[in-house]
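Chain by chain, the residues:
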Amino acid sequence: MGITIKSADSPDLEELLRWREIVLREVFSIPMKENMDDLLATNRQYYLSALERREHIACFAQTEGYLKYTKEDTPLLGGI
């Protein structure tokens, strides 16, 4: 059961944005009921541009082909 590090590119945008929302909610204690659509739309534009130009490096840790979620009790992760 090894861990594989996978580079994230434009095709991984939706997964990258899901992780971004998790991080923002956790770090800044943003409640689940608070709408983040505008912030996530801005992040989407940033990632699309930065990933294409290779200005942002993102990666995922995978176990047995699946992303490794490290905080199973996070409410947002329950829907992923």
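The structure we're discussing is the one just above.
Residues numbered from 1 in each chain as written. Predicted model: local features only at pLDDT ≥ 70, side-chain atom pairs only at ≥ 80, totals over all residues. Heavy atoms only, no water.

A closer look at the nonpolar core
- Core analysis: the largest hydrophobic core is formed by ten residues, namely Ala8, Leu13, Leu16, Leu17, Trp19, Ile22, Tyr47, Leu51, Ala58 and Phe60.
- If you list the elements that add at least two residues to this core, you get helix H1 (13–28), helix H2 (37–52) and strand E2 (58–63). (Core = buried A, V, L, I, M, F, W, Y, C linked by side-chain atoms within 4.5 Å. Buried < 20%, exposed > 50% of the residue type's maximum accessible area, 1.4 Å probe, protein only. Helix = DSSP H or I, 4+ residues; strand = E, 2+ residues; numbered from the N terminus.)

Looking at a nonpolar patch on the surface
- Nonpolar side chains collect at one region of the surface, where Val23, Val27 and Phe28 lie side by side and expose about 300 Å² of accessible area between them.
- Examined against the element boundaries, Phe28 turns out to sit in helix H1.
- Look at Phe28 and you get exposed, because its relative accessible area is 57%. (Patch = residues over 30% accessible without salt bridge, like charges linked within 9 Å, V, L, I, M, F, W, Y side chains within 5 Å. Areas by Shrake-Rupley, 256 points an atom, 1.4 Å probe, with all protein chains shown as cover. Salt bridge = Lys/Arg side-chain N within 4 Å of Asp/Glu carboxyl O.)

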